[in-house]
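Residues per chain are reported as follows:
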Amino acid sequence: MDTESTVPFTNRPSGHWPTVLSNRPSKFLRPAPGLTLIGVLSPLIGVEIDVIHLNQDTTNIGRDETSAIRLRDQLVSRHHARITRDGDVFRIEDLGSINGTFVDGVPVVSCQLHDGDTVQVGKSLYYFDRLYERAPEPPPVEVPAEEWPSSA
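Residues numbered from 1 in each chain as written. Predicted model: local features only at pLDDT ≥ 70, side-chain atom pairs only at ≥ 80, totals over all residues. Heavy atoms only, no water.

## Concerning the nonpolar core
Going by this rule: What makes a nonpolar core is a set of buried Ala, Val, Leu, Ile, Met, Phe, Trp, Tyr and Cys residues whose side-chain atoms join them at distances within 4.5 Å. Exposure categories follow from relative accessible area, calculated using a 1.4 Å probe and restricted to protein chains: below 20% of the type maximum is buried, above 50% is exposed, and the middle band is partly exposed. Under the scheme used here, helices are H or I runs from DSSP no shorter than 4 residues and strands are E runs no shorter than 2 residues, and both carry numbers assigned from the N terminus. Contact criterion: two residues are considered in contact whenever any of their non-hydrogen atoms come within 4.5 Å of each other.
Ranked by internal contacts, the top residues of the largest apolar core, which has 19 residues, are Leu41, Leu54, Ile83, Ile92, Leu113 and Val119. Listing elements by their share of this core, those giving two or more residues are strand E3 (52-54), strand E6 (81-86), strand E7 (89-94), strand E10 (110-113), strand E11 (118-121) and strand E12 (124-134). Excluding residues within four positions of it along the chain, leucine 54 makes contact with Ile38, Gly39, Val40, Leu41, Thr59, Ile69, Ile83, Arg85, Phe90 and Phe128.

Here you go:
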C-alpha cells in the first residue's frame, strides 16, 4: 500500500488505512483575500449623520452636486475641501472655502490626517480613522487537470 497518500488511524484494527489525497491540489486556485486600507470619517456632531468611506484616491467635499461627499449645510462651500490618498497617507486640503476647514480645532489650508483627528466642515464634526477593508475577491481560476502536479 502507498504510505505517502495514506494516513494511519491508530484506534482502528490493523489493515484499515483510509486513503487521503492530501497532496492533490484543488482544481480551482483562489488567492488569499487581500485587505485595503481606507479612511473613514465618522460623524460626532452636526448636520450630517452618515459615515463617510474614503476609498478613492481623491474625494471632494462640498454642497455642489458633483462633489463625491455632498453636505447639505449652508456653512459648507460648493467646493469646500478635498481629501487625497497617497498609499497609506491621507491629506485634507481646503479649497478656499469661506468658513474654513478645521483639523483638531485648528484652521488648515492643507495637512496630513492621522488616526483620531477630528475634522470639521461647516456644522459637522467628524472623527477620522483608517481601517482595513476586505478587497473584492477575484473569481477563482480553473486549472486544467493536465496542469495539476502529479501525485506520485
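Right, picking up where we left off after that structure.
## Section: empty space enclosed by the protein
Rules: Points on a 1 Å grid over protein atoms alone make up a cavity when a 1.4 Å probe fits among them but cannot get out, and a pocket when they form an open set with protein on both sides within 12 Å along at least five of seven lines; lining residues each have an atom within 4 Å of a point. Grid points are joined across faces, edges and corners, and a volume is the space filled by probe spheres set on the points. Residues are grouped as follows: Ala, Val, Leu, Ile, Met, Phe, Trp, Tyr, Cys and Pro are nonpolar; Asp, Glu, Lys and Arg are charged; every other residue, Gly included, is polar.
Applying the stated criterion across every chain yields a total of one cavity of 30 Å³ or more. Roughly 40 Å³ of volume is contained in the largest cavity. Along the walls of the largest cavity sit Leu41, Ile52, Ile61, Leu71, Ile83, Ile92, Val119, Val121 and Tyr126, which together make up its complete lining. Partitioned by chemical class, the residues of the lining of the largest cavity number nine nonpolar, no polar and no charged.

## Some points on the environment of aspartate 129
Structurally, aspartate 129 can be placed in strand E12. Look at aspartate 129 and you get partly exposed, because its relative accessible area is 22%. On a C-alpha basis, the gap between aspartate 129 and histidine 53 in space is 10.0 Å, while along the polypeptide they are 76 residues apart. With residues near it in sequence (within four places) discarded, aspartate 129 still touches Ile38, Gly39, Val40 and Asp115.

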